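What follows is the residue order along each chain.
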Amino acid sequence: PISVGLKPVEKTLSARSPMLNMGKDKPNDAVITDDLVSRQHCVLELDGSKGTVYVVDLSTNGTFLNGKRLPQKKQGKIMVSHGDSLLLKDPAQDSEFGYVINIVDATPSAVRSAAWGSAA
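Criteria and thresholds
Residues numbered from 1 in each chain as written. Predicted model: local features only at pLDDT ≥ 70, side-chain atom pairs only at ≥ 80, totals over all residues. Heavy atoms only, no water. Salt bridge = Lys/Arg side-chain N within 4 Å of Asp/Glu carboxyl O. Helix = DSSP H or I, 4+ residues; strand = E, 2+ residues; numbered from the N terminus. Buried < 20%, exposed > 50% of the residue type's maximum accessible area, 1.4 Å probe, protein only. Lys, Arg positive; Asp, Glu negative; His and termini not counted. Polar contact = N/O pair within 3.5 Å; in protein donor to acceptor, adjacent residues only side chain to side chain. Contact = heavy atoms within 4.5 Å. Core = buried A, V, L, I, M, F, W, Y, C linked by side-chain atoms within 4.5 Å.

Novice: Just give me the short version of the pattern of salt bridges, but keep the residues and values in it.
Specialist: Counting across every chain of the model gives three salt bridges. Linking Lys11 and Asp29 is a salt bridge whose minimum nitrogen-to-oxygen distance equals 3.4 Å. Remark: Asp29 occurs in the loop between β2 (19-23) and β3 (30-31) and Lys11 occurs in strand β1 (residues 9-14); sequence separation between them is 18 residues. Between Asp34 and Lys89 there is a salt bridge; the shortest N-O distance is 3.1 Å. Of this pair, Asp34 sits in the loop between β3 and β4 (42-47) while Lys89 is found in the loop between β9 (85-87) and β10 (98-104), placing the two residues 55 residues apart along the sequence. For the pair formed by Asp34 and Lys89, the shared burial category is buried.

Structure representation (structure tokens):
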């Protein structure tokens, strides 16, 4: 996490388990309790045929990739890269409430995607 208040999250994405869900609902892979975080805030999703990881914004308050607001789910998904900054709040309000994307083993069969980092 970029923010001290967030816990590290790590999950291996594969054809059998292609998503890492973030939000305040307990079934999410990353459970984040904050007033501005939606129950289902965003999802990291593996496209196994391309070996690519995408992020989809499911929230009403917005999800930000490298400081830019993501389009809502109905408008599509955005590819993420190793080292990208995924913020769960508007960076104008809190530029450190989020994660640094760490992608390891970018093969079509399995991609280890972790949303983590160190406190800034």
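Novice: Hey, could you go over the side chain of Asp84 for me, with residue numbers and the actual values?
Specialist: Within the secondary structure, Asp84 is located in the loop between β8 (78-80) and β9. Of the buried charged residues, Asp84 lacks a salt bridge, with Lys68 as the closest side chain of opposite charge at 11 Å. Of the polar contacts made by the side chain of Asp84, one reaches the side chain of Asn66; its length is 3.0 Å. If near-sequence neighbours (up to four positions away) are discounted, Asp84 is found in contact with Leu65, Asn66, Met79, Tyr99, Val100 and Ile101.

Novice: So what about the nonpolar core? Which residues, and what values?
Specialist: Membership of the largest hydrophobic core comes to 22 residues, with the highest contact counts inside it found for Met22, Ile32, Leu44, Val55, Val80 and Leu86. When residues of this core are traced back to their parent elements, those giving at least two are β1, β2, β4, β5 (52-57) and β10.

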